[in-house]
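Working through the structure, step by step
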2 protein chains.
Amino acid sequence: MAQEGTSDGTVGKALDVLDMVAQANRPVRFAELLAQHTFPKATLYRFLQTLTNQGMLRYDDERGTYALGVRLVRLAHSAWAQSSLAPIARRHLDALSAETNHTIHLAQMDHGQVLYVDKRNAAQPVEMYSSAGKVGPAYCTGVGKAMLAFMPEAAVRAAIERQSFHRFTDKTLNSAPRLMDELHLIKSRGYAFDNEEHEPGIICCAAPIISGSGRVLGAVSMTSTTSRSTLDELGKLAPRLKETAARIAAEAESWGFPEQI
Amino acid sequence: MAQEGTSDGTVGKALDVLDMVAQANRPVRFAELLAQHTFPKATLYRFLQTLTNQGMLRYDDERGTYALGVRLVRLAHSAWAQSSLAPIARRHLDALSAETNHTIHLAQMDHGQVLYVDKRNAAQPVEMYSSAGKVGPAYCTGVGKAMLAFMPEAAVRAAIERQSFHRFTDKTLNSAPRLMDELHLIKSRGYAFDNEEHEPGIICCAAPIISGSGRVLGAVSMTSTTSRSTLDELGKLAPRLKETAARIAAEAESWGFPEQI
DNA sequence: CCCTTTGGTTCCATTAAGTGAAACTTAGTC
DNA sequence: GACTAAGTTTCACTTAATGGAACCAAAGGG
């Protein structure tokens, strides 16, 4: 998808290769990667070697495939702890989840996409990582819209540029103008709804987490299904949701959380 | 800790810098990093710039600190899904956890250290990432010893070289010879115990996950406390533990799981 | 208030490293 | 056994990394 623009230097290119393997979501062969990239054979080959040496990739001798390496998992543990809202938000999410009995998501913005960093599933035990680290579109998720609505105009424009506006359901807001209208509405209301815009039957209500200086740090959402709840019912819980967001923001502040770009 | 030996090329050095930030476990200032490395100022500076541009690091303007970036979390999601045993092992861990009511860990070997990739906590809900991605010493954990005991001799020697043999408790096996003896015992027994060697009051029983071709893929463990269980009691469950390990191995095989180095 | 120190950023000639076309080596195929 | 596709290595060429030193800014101290 995103070809990361003009990458800076060798390191940038290597990381592009890493992303490419990640996006495949399965072990990939050399030739597949070669086909996707503009890199000449030898160059790509060396990058793969280097990354494998470094433990960022793993090479399967028998199959001749590359997959992401475990070193990334280790790094990510630190990244998650250092640089996501999750550790700060944990107890607030726990509380909200227990009270409302809805599925709770915590998300942040990453290069115009929604990055889920934590999750609470009221019904059954949490499936680890199945959610944290996952990315989703910004324009048709509650958390995405909640964040966009409160971001500075320039950032929103930049983010919208990056959207592909795929029509997931017939309720998806699949154009920039429609999205902008919605964002204004959200800003005045203070929170966002997702009315089956991403997945049929799935609705949610999301509130942005905003720092004292007015910057968007992330968003929290409550998700339900049309069979279990209505948007109105979720809306009734919005004050509680906003309260949670506010508490997280306050704690992030005092904890010195670095603001997102 | 581990200075990763002679890094290959620019990319390797950049990744070293990344690791350095990760190991700090908190936002770090430029000067701190400079002190730890042999890199000249300008070089380190450029690396930090590049990594920040790439979203691997995040720079906090106000504090002048660097922290790991969210791009890592995204990458790790893929890494975990592609390249750890966790997705394969999930249902087996669920079953074992439900049956035994003990805390279950799933771990793999990464550069001579134990990398926990999944966890089941019988008592309270799983704390996400608090465990997955965490690393621990190989020489004084059940999973670590279980894996070492069944690894080829050369690999074990290499791994032991990397151990620092810190004495966590008075039961820690804090020397290579003592560890080697224990490994032989474990190999003949088929599974490992951790008798409060890492943390006082914490005991565990661990079995290696071994592929059809005899290579160590990872390990599973059941953990308990001395106040709740004895080693003997855990030992009684060892057959069930080994069965779980075997099932995971079998599934990894049919699924084409790439073998660890 | 100026001078010094510390921490961070930029410059630029030097040098090392990345590059990529092409040659080569397998491993399959027909 | 010749042919093809996939992967690996080579090497002259070119670009990018290097790092000493200069520079800047802010904090501290006399």
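Preceding this section is the structure that the text describes.
What this report covers is the structure whose coordinates are included nearby. Along every chain, residues carry numbers that run from 1 in the direction the sequence is written. Lettering of chains starts at A and numbering of ligands starts at 1, both following the order in which they are written. Only residues with pLDDT of 70 or above have their local features reported here, since the model is predicted, and side-chain atom pairs are shown and tallied only from 80 upward, although totals for entire chains, interfaces and linings are computed over all residues. The basis for the side-chain values is all heavy atoms of the structure; hydrogens and waters are excluded.

**Concerning the relation of the copies chain B and chain A**
Once chain B has been moved 0.1 Å along the axis and rotated by 180°, it coincides with chain A to within an RMSD of 0.1 Å. Each copy turns onto its partner about a two-fold axis. Most of the interface of chain B is mirrored in chain A: 100% of its interface residues are interface residues there too. The copies were overlaid by least squares, fitting only the C-alpha atoms of residues that reach a pLDDT of 70 or more in each copy. It only takes one pair of heavy atoms within 4.5 Å for two residues to be counted as in contact.

**Section: the packing of helix α6 (residues 142-149) of chain A against helix α8 (residues 176-189) of chain A**
Residues and elements named next belong to chain A. Here an angle of 0 to 180 degrees is reported between the N-to-C directions of two axes, which are lines fitted to C-alpha atoms, with helices fitted over the stretch in contact. Each helix is a run of DSSP H or I of at least 4 residues and each strand a run of E of at least 2, with the numbering of both proceeding from the N terminus. Interhelical geometry of α6 versus α8 gives an angle of 75° and a closest axis separation of 9 Å. When the axis of α6 is compared with that of α8, the two are roughly perpendicular. Between α6, through Lys 145, Ala 146, Leu 148 and Ala 149, and α8, the contact on the second element is made entirely by Leu 179, Glu 182, Leu 183, Ile 186 and Lys 187. Taken together, the residues of the contact of α6 with α8 break down into six nonpolar, no polar and three charged. Just so you know how the angles are binned, under 35 degrees is roughly parallel, over 145 roughly antiparallel, 65 to 115 roughly perpendicular, and the rest oblique. Under the scheme applied, nonpolar residues are Ala, Val, Leu, Ile, Met, Phe, Trp, Tyr, Cys and Pro; charged residues are Asp, Glu, Lys and Arg; polar residues are all the others, including Gly.

**Some thoughts on the protein's contact with DNA strand C**
Nearness of a residue to a molecule or strand requires only that one of the residue's heavy atoms be within 4 Å of it. DNA strand C sits among 16 residues. The nearest are A:Arg46, B:Arg29, B:Ala31, B:Lys41 and B:Tyr45. The sugar-phosphate portion of DNA strand C accounts for 65% of its atoms within 4 Å of the protein, the bases making up the rest. In this structure, A:Thr43 approaches DNA strand C through a side-chain N or O atom, which is 3.3 Å from a phosphate oxygen. Polar contacts, as counted here, are pairs of nitrogen or oxygen atoms within 3.5 Å of one another; within protein the pair requires one atom able to donate a hydrogen and one able to accept it, and residues that are adjacent in sequence qualify only if both atoms are side-chain atoms. B:Arg29 places a polar side-chain atom, nitrogen or oxygen, 2.9 Å from a phosphate oxygen of DNA strand C. Every element with two or more residues in the surface near DNA strand C is listed here: α1 (9-24) and α3 (41-53) of chain A together with α1 (9-24), α2 (30-36) and α3 (41-53) of chain B. No other element matches α3(A), which puts four residues into the surface near DNA strand C. Tallied by class, the residues present in the surface near DNA strand C amount to eight nonpolar, four polar and four charged.

**Examining the sheet that holds strand β1 (residues 28-29) of chain A**
The strands that make up a sheet are held in pairs by hydrogen bonds between backbone atoms, and each pair lies either parallel or antiparallel. Residue and element names in this part refer to chain A. DSSP bridges decide pairing: two strands pair if at least two such bridges lie between them. Reading across the sheet, the three strands line up as β1-β3-β2 and stay open at both edges, with antiparallel pairing between neighbours. With one partner strand each, in any of the chains shown, β1 and β2 (57-60) form the two edges of the open sheet. Strand direction decides the pairing type here: β2 and strand β3 (residues 65-68), joined by four bridges, are antiparallel. Residue pairing in the sheet places Asp 60 in a bridge with Thr 65 of β3. α3 contacts β2 and β3 of the sheet and is inclined by roughly 105° relative to β2.

Purely spatial values, then, with no claim about function.
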